Amino acid sequence: MTSTGAPRGSGVAGAGALRGNLPRTALTALAPAVWGTTYVVTTELLPQGHPLFAGLLRALPAGLVALAVARTLPRGAWWGKAAVLGVLNIGLLFPLLFVAAERLPGGVAATLAAASPLMVAVLAVTVLHESPSARRFLWGVVGAVGVGLVVIRPNAGFDAVGVVAGLGGAATMALGVTLTKRWGRPAGVGPTAFAGWQLAAGGLFLLPLTFLAEGAPPAVDLPAVLGYLWLGLVGGLITFVLWFRGVTSLPVTSVAVLALLSPLVAAVLGAAVLGQTLGPVQLVGFGLSLAAIVAGQLPPSRRARDTPPGSGPGSVPPSPSTRATAPGSTSAPASTSTPASTSISKGTPR
C-alpha cells in the first residue's frame, strides 16, 4: 500500500534544519532577553519624564560607534531603506517603549509588547506573501496569554496614553522586522554596519524631536550614567547587531516570537531585584510562553512548505516554469538585493 504522507526523511530534515539554526537562534534570543532589563533600568536608574532623551542616548552614540567600527555607508536605494528601518526599529520604537514603561506597570507594558508576534504573523501574509498559518496565530495567542499571566497583577492600572504607546511600539517593531526580512541585508555589508545604519538613522530622527518635546536634558547622576551605558552599548549596539543578524537569516515569525523573552526576563528581574512574587498562575504563564517560543522555532509541516500562497481548490495551477525547481530546493527570499545597491567598500535588537 502506498503512503500519501510525507517522506520518511522529511521529519529528519526538519530536525536537522532546527539543529542547524540553533546556535544562531540562541544568539538572536540574547537580544530580547537583554531588552527585558529595560523596565528595571528605566524605573530604577533613569531620570523620570524623559523617554525621548533615553531613546536618543540609547540609539545615536551606539550607531556612531558601529559606523566607526564598520566604516561602511549605504549606497543607492539603501539610504532610503536604512532611514525607514531606522525610524521604525529605533526612532519610533524606543520612545514608545519608554513612554509605556513610565506610564504603565511593567507587566501591562510587557503584555502589550507581546502582541508583536501576532502582528508579524499578519504582516508575513500581507507583506511577505507567505501562506496563512493557523499554527502561527495559535502560538502567538498562547504566548501573549502566557505573558499576561506572568506579568499582569490584579491591581494593574491602565493609562490610555501608555496603552496606545505600548501597542504602537508593538506595531512599529512588527513592521520594522517584516520590512527588514523583505529587504534583507545588502551583499558585502556585515551586521554591525547594518545595525549602525539604523541606530544612527533612528538617533538622528530622535535628536530634534527630543529637544523640541522635552527641552534641556535632565540632570544625570552616576546611576543614570550606568543605566544609559547599559542601554546604549549592551541593550543597543550589541543586541541590535545580534537581532538583525537573526532577522535576515532566520524565518521572520520564528524571530518575532523570541521577543516574548523580554517580558519573561523582566518578570524574573522584578522578582529578584524588586521583591515581586511569582505564584502558581505566573508559573503557568511562564510555561505557556516558553512553549510558544519553542513551537515558533519548529519548521513548518511538509504540506505547509509545499503549498504556495493562493493554491488550493479553484486556484490557477502554476506554470511549468514555476514548477521547474530542483527537488528539495527553496525559492530565493524576497529580500534579495540588487547588485547596484550592494557594491559597498548595522539594521538595529528590537
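Here the structure is a predicted model, which means the values were calculated and not measured. (Residues numbered from 1 in each chain as written. Predicted model: local features only at pLDDT ≥ 70, side-chain atom pairs only at ≥ 80, totals over all residues. Heavy atoms only, no water.)

## Some remarks on the overall build of the protein
Next, step 1: When its secondary structure is counted, the protein shows 15 helices and zero strands.
Next, step 2: Across the 350 residues that make up the protein, the buried fraction comes to 46%.
Next, step 3: Put simply, the protein shows about 16,400 Å² of open surface, and 70% of that area lies on carbon and sulfur atoms. (Helix = DSSP H or I, 4+ residues; strand = E, 2+ residues; numbered from the N terminus. Buried < 20%, exposed > 50% of the residue type's maximum accessible area, 1.4 Å probe, protein only. Areas by Shrake-Rupley, 256 points an atom, 1.4 Å probe, with all protein chains shown as cover.)

## Looking at the nonpolar core
Next, step 1: Grouped together as the largest cluster of nonpolar side chains are 41 residues, with contacts concentrated most on Met-173, Phe-194, Trp-197, Leu-199, Phe-240 and Trp-243.
Next, step 2: It is helix H4 (residues 78-103) that contributes the most residues to this core, seven residues altogether.
Next, step 3: Core analysis: the second largest hydrophobic core is formed by 15 residues, Ala-29, Val-150, Ala-267 and Ala-292 among them. (Core = buried A, V, L, I, M, F, W, Y, C linked by side-chain atoms within 4.5 Å.)

## Topic: the packing of aromatic side chains
Next, step 1: Evaluation of the coordinates by the stated rule reveals nine aromatic pairs.
Next, step 2: Centroid distance Trp-78 to Phe-194: 5.8 Å. Interplanar angle 80 degrees. Geometry classified as edge-to-face. Taken together, the positions of Trp-78 in helix H4 and Phe-194 in helix H9 (residues 191-214) put the pair 116 residues apart, joining distant regions of the chain.
Next, step 3: Residue Trp-78 is classed as buried on the basis of its relative accessible area of 0%.
Next, step 4: Counting every residue linked through ring pairs, the aromatic cluster contains Trp-35, Trp-78, Phe-94, Phe-194, Trp-197, Phe-240, Trp-243 and Phe-244.
Next, step 5: We note Arg-58 situated over the ring of Phe-94; from NZ or CZ to the ring centre the distance is 4.5 Å. (Phe/Tyr/Trp six-rings, centres within 6.5 Å; stacked < 30°, edge-to-face > 60°. Lys NZ or Arg CZ within 6 Å of the ring centre and 35° of its normal.)

## Topic: the packing of H9 against helix H10 (residues 222-247)
Next, step 1: Two elements in contact, H9 and H10, have axes whose closest approach is 9 Å; the angle formed by their N-to-C orientations is 115 degrees. Where H9 crosses over H10, the two elements pack in a sense that is right-handed. Facing Pro-191, Thr-192, Phe-194, Ala-195, Gln-198 and Leu-199 of H9, the residues of H10 in contact are Gly-236, Leu-237, Phe-240, Val-241, Phe-244 and Arg-245. (Axes fitted to C-alpha atoms, helices over the stretch in contact; angles between N-to-C directions. Left-handed = near helix turned anticlockwise from the far one by under 90°. Contact = heavy atoms within 4.5 Å.)

## Regarding the packing of helix H3 (residues 51-70) against H10
Next, step 1: Between H3 and H10, the least distance of the axes is 8 Å, while the angle of their chain directions is 50 degrees. When the interaxial angle is binned, H3 and H10 end up oblique. The chirality of how H3 crosses H10 is right-handed. Here Phe-53, Ala-54, Leu-57, Arg-58, Ala-62, Val-65 and Ala-66 of H3 come into contact with H10, specifically with Tyr-228, Leu-231, Gly-232, Gly-235, Gly-236, Leu-237 and Phe-240.
Next, step 2: Partitioned by chemical class, the residues of the contact of H3 with H10 number 10 nonpolar, three polar and one charged. (Parallel < 35°, antiparallel > 145°, perpendicular 65-115°, else oblique. Nonpolar A, V, L, I, M, F, W, Y, C, P; charged D, E, K, R; others polar.)

## Quick notes on a nonpolar patch on the surface
Next, step 1: Where nonpolar side chains cluster on the molecular surface, the patch consists of Val-220, Leu-222, Val-225, Leu-226, Leu-229 and Leu-233 and spans about 520 Å² of accessible area.
Next, step 2: Mapped onto the fold, Leu-226 is located in helix H10. (Patch = residues over 30% accessible without salt bridge, like charges linked within 9 Å, V, L, I, M, F, W, Y side chains within 5 Å. Salt bridge = Lys/Arg side-chain N within 4 Å of Asp/Glu carboxyl O.)

## So, the confidence of the model for the protein
Next, step 1: Taken residue by residue, the protein gives an average pLDDT of 78. The fraction at 70 or more is 76%.
Next, step 2: Confidence scores differ between elements of the protein, with helix H15 (residues 320-323) showing the lowest mean pLDDT of 42 and H9 the highest of 94.
Next, step 3: Here residues 304-350 scores under 50 on pLDDT; set against residues more than four positions off or in separate chains, the count is 74 contacts. (pLDDT = per-residue confidence, 0-100.)

## Brief notes about the environment of Pro-47
Next, step 1: Inspection of the secondary structure puts Pro-47 in the loop between helix H2 (38-44) and H3.
Next, step 2: A residue is classified by how much of its surface remains accessible, and Pro-47, at 19% relative accessible area, is buried.
Next, step 3: Between the alpha carbons of Pro-47 and Gly-227 there is a distance of 9.9 Å; along the sequence they are 180 residues apart.
Next, step 4: Residues contacting Pro-47, with those up to four places away along its chain left out, are Glu-102, Pro-218, Ala-219, Ala-224 and Tyr-228.

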